[in-house]
Amino acid sequence: MSPRAQVLLWGAQRASAAVLAICVAVHLATVIYAVRNGLSAAEILGRTRGNAPWLAFYLVFVASVAVHAPIGLRAILAEWTRWRGRSLDLAMLLVGGLLALWGARAVWAVFA
Amino acid sequence: MDSEACTLNVRVWRGGESGGFREYEVPRLESQTVLDVVTYIQRRIDPTLSYRFACRVGMCGSCAMTVNGKPRWTCRTHVAKVADGDRLEIAPLSNLPIVRDLVTDMTPFFEKWQRARGRFQGGHTRRDDFARVPPDSRERQNTDAGIECIGCGVCYSACEVVAWKPEYLGPAALNRAWTLVNDVRDTDRRARLSAVAGDAGCHACHTQMHCTERCPKQISPTAAISGLKRLVLAAALKGELEEEPGR
């Protein structure tokens, strides 16, 4: 990977961290507010089904996680193990893809 | 000072990478530095002890060692400040190969200064007028903040990222690069930003700040590295980095 690509990955991780900081705060505040009368599947689905702003917010959340986590994991693995280079980059691409896929699937499951 | 406190029990690293600590008893004196202790051992107890020093006044950067677990310049470190009771443990700097006893091989440290393009590259000739650099300009202030580095290797030895990732350029080389990036006379900016970019460069720093905490000259390599991160990211976004920066 070229130095430029490495730097852009670093930039992407910082940018996604900024988005995550907002998303996590909104998510936690919503959870605390939403469970004040107890928590049930019916109540959650009643709030999320067909709710387009909710869908958009959590898709942004999932996308940020899918960008942020594999870049950080790549740095941790490079420091804690001898794993470097193309195989590590491809593996982290796979991790990012799976996080995006599973996250989007979970979001869609409570929206549709 | 009671009679027990009149003697220091000093554990000193002897041998190479697979060596071990040996204990010595050294008389405790007023205003004694750690370098004084090492010198006493070599001159009065064991002349085979190897260590490195030159100026003894905190200018040359050659006497750094690990003292009671922390890297320090030994010529300006008073025993009274660092001794654990009457105990002192002196080892070579970490993150560098041990040549023998307290002497480390500084080659990897200075090779990284070269890799970070730590040399001034000017564009003027002797026929050109002097460059005028306003002392209060932002660039000059940035350079001033890091220019007093004596190359002692204390920050490099204190850096966890260097320990985890041996190819990381380290705080001293990056601090040097930052002083040159801010030198308005320098003409090697693009190549230097490319040389310090990415996984083995400034972006590997975790901002744990042990370099800044330990620097005997009160320099903040962390601030220099943060500055480089911003400049290099801006250069990368504009497509100004060299693809193969001659590493």
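First, a word on scope: everything that follows refers to the structure included in this document. Bear in mind that the values here come from a model prediction, so they are computed numbers and not experimental data. (Residues numbered from 1 in each chain as written. Chains lettered and ligands numbered in written order. Predicted model: local features only at pLDDT ≥ 70, side-chain atom pairs only at ≥ 80, totals over all residues.)

1. A word on the nonpolar core
Residues and elements named next belong to chain B. Among the nonpolar cores identified, the biggest contains 74 residues, and Val-37, Ile-90, Leu-174, Ala-177, Val-196, Leu-228 and Val-232 are the most heavily contacted of them. The biggest single contributor to this core is helix α7 (residues 171-181), with seven residues. For this core, the domains that each give at least three residues are domain 1 (4-104) and domain 2 (107-237). Leave out the neighbours within four places in its chain, and Val-37 touches Leu-8, Val-10, Val-26, Gln-32, Val-79 and Leu-88. (Core = buried A, V, L, I, M, F, W, Y, C linked by C-beta atoms within 7 Å. Buried ≥ 20, exposed ≤ 12 C-beta atoms within 10 Å, placed from the backbone. Helix = DSSP H or I, 4+ residues; strand = E, 2+ residues; numbered from the N terminus. Domains from an automatic or database assignment. Contact = placed C-beta atoms within 7 Å.)

2. With respect to the interface of chain A and chain B
Between chain A and chain B, the contact holds ten residues from the first and 13 residues from the second. Of all the secondary-structure elements, those providing two or more residues to the side of chain A that touches chain B are α1 (3-34) and α3 (52-80) of chain A. Broken down by element, the side of chain A that touches chain B gets its largest block of residues, seven residues, from α1 of chain A. Across the side of chain A that touches chain B, the residue classes tally to five nonpolar, three polar and two charged. (Nonpolar A, V, L, I, M, F, W, Y, C, P; charged D, E, K, R; others polar.)

3. Some details on the sheet that holds strand β1 (residues 7-14) of chain B
Residue and element names in this part refer to chain B. Across the sheet, which stays open at both edges, the five strands sit in the order β2-β1-β5-β3-β4 with mixed pairing between neighbours. Edge positions in the sheet fall to β2 (20-27) and β4 (70-73), since each of these pairs with one other strand and no more. With direction set aside, neighbouring strand axes in the sheet form an average angle of 35 degrees. Here two bridges tie strand β3 (residues 64-67) to strand β5 (residues 87-91), and the two strands are oriented antiparallel to one another. Bridge pairing in β5 places Val-67 opposite Ile-90. Its contacts with the sheet place helix α1 (residues 34-45) against β1, β2, β3 and β5, and it is angled at close to 95 degrees to β2. (Pairing = 2+ DSSP bridges. Axes fitted to C-alpha atoms, helices over the stretch in contact; angles between N-to-C directions.)

4. Remarks on the environment of Arg-56 of chain B
All names here are of chain B. Among the structural elements, Arg-56 can be located in the loop between α1 and β3. In this structure, the C-alpha to C-alpha distance between Arg-56 and Arg-119, residues 63 residues apart in sequence, is 27 Å. Leaving out residues up to four positions away in the same chain, Arg-56 has contacts with Leu-35 and Cys-75.

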